[in-house]
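Listed below are the residues making up each chain.
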Amino acid sequence: MEPVTKNIPALALRGLVVYPNMTAGFDIERMISMRALERAMEGDRELFCVTQRQLTTDLPEAEDLYEVGTLVRVSQVLRVSERVIRVFVDGISRARLRRLWQREPYLQAQVELIDERKPLRSGARTEALIRQTYNAFGEYTELTQNHSAELLISVLNATEPGYLADLVANSINIRYEDKQAVLEELQHLPRLRRVNEILRREVEVVSLEQEIEGKVRDRVGRIHRDFVLREQIKVLQNELGEGDDGEELDAYRERIRALKLTEEVEQKLLKDVDRLAKQPFGSAEASVLRSYLDTVLELPWNKETRERASIEAARKILERDHYGMEKVKERILEFIAVRALKPDAKGQAICLVGPPGVGKTSIALSVAKAMNRKVARLSLGGVRDEADIRGHRKTYIGAMPGRIVEALGRSGSMNPLLVLDEVDKLGNDQRGDPASALLEVLDAEQNHAFRDHYLEIPVDLSRVLFIMTANTLDTIPRPLLDRMEVIELPSYTDEEKLQIAQRHLLPKQREAHGIPKTALRIDEDALRAVISGYTRESGVRTLERQLGKLCRKTAMALNESDVKRVVYTADNLADYLGAPRYTREKASAKDLVGVVNGLAWTQVGGEILPVEVNVMDGTGKLELTGNLGTVMQESCRAALSCLRSRASELGLAPDFYKTRDIHIHFPEGAVPKDGPSAGVTVTTALLSALTGRAVRHDVAMTGEVTLRGRVLPIGGLREKTMAALRAGLHTVILPQENEKDLEEIDQSVRARLRFVPVETVDAVFAEALLLPETHAAPALDAFVEPPERVLSPGLRV
């Protein structure tokens, strides 16, 4: 007889086995299962139910399914919810999976029906096996007491071995692997024998469970009874004035010994317990000692969290939570790598320095997640009392431990990550200097035995990782700074702000305002417009507030009208945020005489700093305007002296400083300006005004100049180059010694700007000044000498 095959939809079951001649009910949620059910209901309502090997597989393939399943017919379908359907099926026959034709949109399988032939005769051995099964099932139902009498009657009425095995296996609570093994056993007697073995095993397991549960219940009952009796005795003793503190003192002693502290600490605490025992009832000293002992014993002595050893896992967490900050991430990953090789390595003290809003505190908290350390944060801004760090002597009323020990207690670990926020804003007065108190805390050679004034016992801080945050290093005392590893976080570039807004700020604000992802869209140009026109900051706090404002506008639009989606573009942004508050300065489109584009660094990023020079007939006066600081004024005078010393080489009249008045002006006179980095800019503007030669409008420059014409290095190159790019400039002249700093500049900026490293002002003049249109200037060679090295866009020499 040839086997019968069918091509029918298949249901992949998770943790469930359906048997022939049995009714089963289950819920389906996966889309492939729902579509398979719909396909079956369109035809003869037949399905092939087969169990998955792994419960976690969502879209199974042929190797993910068992070979033997059950052909069923759908008897009832109920919709429980929009995503859940409850199905009742009747098992028809065992079937073998031959091929899985398709996996989407539903599983379609070719199955071969299995012909189960009944045994020809029933002998004494078969009858004995059936009776043994009756007895085992009876014992199982007596133990579990969760089966109905109708089920027991059905089992006792079953006389065919194969059906009896299926019925029992379907009724008892066993692993789906065991149920599948019963389904795959095609011979009737071996199948019943397997079920019998499973029943015996389950009877033993359930008996043990009930025995253990009974013992636990009896013990809990005795403990509860003893507790109630003891409490009643205590109440009676207190009513009679006969209360005894002996149990409390014994509890203190047991807790102290259980901590396994050093001998010095243990003896000190036990001595305080003895002192407490001698105190009269209700004394103030007893209250102080109790508070002290409770505080000490609540500290996480000898408790440490297991650190994350996987560098890749830590890197994923850091990359997920923050964009950029490569130096911080690299330093933390190095620390994790060292701890993987040397687990007992000492903690570190890292100071993150940067302008407000760049994410110093948030990256510190993310480091705790990456390292799998507990974290506690201490805000040190405005702290002026040394006792805030070291604690108060416990003899004072209301005394308490210092913030360091209190943070240890909050973290619940002796190796937490402590974030000391705003360490640059520590104060000091007649009560002491908290910055000096931090010296012992942060010194790796001393903090293994830090003594808090309140505790008066050594506390090991050597396993603690300290991360400080500060806006500036100027106010941090030099001895304290010497104990930190400083990592500077520069202000964000516009491109970094764009990425942070898209990846973090906008999703955070959407969630905070309850706005669905599809209901709000801010295109990239609109985000750039918000960054450039409505914020002027080094961080992203104002940017986040502006995005929050757009989310509130969106919420209003969704509630007041039938609008389903709000789209913000650069064109309609002003309708919601108002007119732009800031405008980016653009460089001049013409080559002018006496006007040079300088570059300046501010706390909110880089800026274009034009320098204007006018030369007039006069008596040699030098006028400096633009709210200049002392250093910048000296830089202007140094630039003039540099030109005077080389007047003959540059084609200038030897007495120009006597017969001409020179006025140097820096626009935006209300803004204070200082620093030496405008030296080359002033020198070039002076030479342009004195010779009448125009300066290229697409060139910006920065660098300090000396009296001999050397160009010295400057800082803030990253922000300055971003400002040059925003202003539409194409060439940046920078000191030769700053060439190494180009590595830290964003790749997109390096690719769009041409960098010219120079060592002397001669190279600056040759690059920036244009030749006269009508006649050649004197000493022409001094102006056309090419610089020693020129970096083309994106090329590193």
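Residues numbered from 1 in each chain as written. Predicted model: local features only at pLDDT ≥ 70, side-chain atom pairs only at ≥ 80, totals over all residues. Heavy atoms only, no water.

Caption draft 1: Inspection of the overall build of the protein chain at higher detail. A tally of helices and strands in the protein chain yields 28 helices and 26 strands. Computed over the C-alpha atoms, the radius of gyration of the protein chain is 41 Å, more than 25% above the 28 Å expected from 2.2 N^0.38 for a compact globule of 797 residues. Principal-axis analysis of the C-alpha atoms places the extent of the protein chain at approximately 135 × 90 × 55 Å. Split into buried and exposed, the 797 residues of the protein chain put 47% on the buried side. Relative to all contacts within the protein chain whose residues are 6 or more apart in sequence, the contacts with residues 24 or more apart total 73%. For the protein chain, the accessible surface area stands at approximately 41400 Å², while carbon and sulfur atoms represent 49% of it. If you average the places of the 112 positive and of the 122 negative side-chain charges in the protein chain, the two averages end up 2 Å apart. (Helix = DSSP H or I, 4+ residues; strand = E, 2+ residues; numbered from the N terminus. Rg over C-alpha atoms; globule rule 2.2 N^0.38 Å. Buried < 20%, exposed > 50% of the residue type's maximum accessible area, 1.4 Å probe, protein only. Contact = heavy atoms within 4.5 Å. Areas by Shrake-Rupley, 256 points an atom, 1.4 Å probe, with all protein chains shown as cover. Lys, Arg positive; Asp, Glu negative; His and termini not counted. Charge placed at Lys NZ, Arg CZ, Asp CG, Glu CD.)

Caption draft 2: Structural detail: the packing of helix H11 (residues 326-341) against helix H12 (residues 360-371). Closest axis-to-axis distance for the H11/H12 pair is 11 Å, and the angle between their directions is 30°. As judged from the angle between their axes, H11 and H12 are roughly parallel. The interaxial crossing formed by H11 with H12 has right-handed handedness. Residues Val328, Ile332, Phe335 and Ile336 of H11 lie in contact with H12, whose contacting residues are Ile363, Val367, Ala370 and Met371. (Axes fitted to C-alpha atoms, helices over the stretch in contact; angles between N-to-C directions. Parallel < 35°, antiparallel > 145°, perpendicular 65-115°, else oblique. Left-handed = near helix turned anticlockwise from the far one by under 90°.)

Caption draft 3: Spotlight on the nonpolar core. Of all hydrophobic cores here, the largest spans 55 residues; its most connected members are Val423 and Phe466. Looking at which element gives the most residues to this core, the answer is helix H9 (residues 284-297), with 6 residues. If near-sequence neighbours (up to four positions away) are discounted, Val423 is found in contact with Leu380, Leu438, Met468, Thr469, Ala470, Ile476, Leu480 and Met484. (Core = buried A, V, L, I, M, F, W, Y, C linked by side-chain atoms within 4.5 Å.)

Caption draft 4: Local environment of the side chain of Gln546. Among the structural elements, Gln546 can be located in helix H19 (residues 541-560). Classification of Gln546 as buried rests on a relative accessible area of 11%. With residues up to four places along the chain from it excluded, the contact list for Gln546 reads Val530, Tyr534, Thr535 and Leu577.

Caption draft 5: Examining the sheet that holds strand E18 (residues 605-617) more closely. An order of E19-E20-E18-E17-E22-E25-E26 is seen for the 7 strands of this open sheet, with the pairing classed as mixed. The open sheet has two free edges, formed respectively by strand E19 (622-625) and strand E26 (754-758), since each of these has just one partner strand. Neighbour-to-neighbour, the strand axes of this sheet turn through a mean angle of 25°, independent of strand direction. The sheet contact formed by E18 and strand E20 (residues 660-665) spans 6 bridges and is antiparallel. From the neighbouring strand, Asn614 faces E20, where its bridge partner is His663. Across the face of the sheet, helix H21 (residues 630-645) comes into contact with E18, E19 and E20 while running at roughly 145° to E19. Its contacts with the sheet put helix H25 (residues 717-726) on strand E17 (595-602), E18, strand E25 (731-735) and E26, and the angle it makes with E18 is roughly 75°. (Pairing = 2+ DSSP bridges.)

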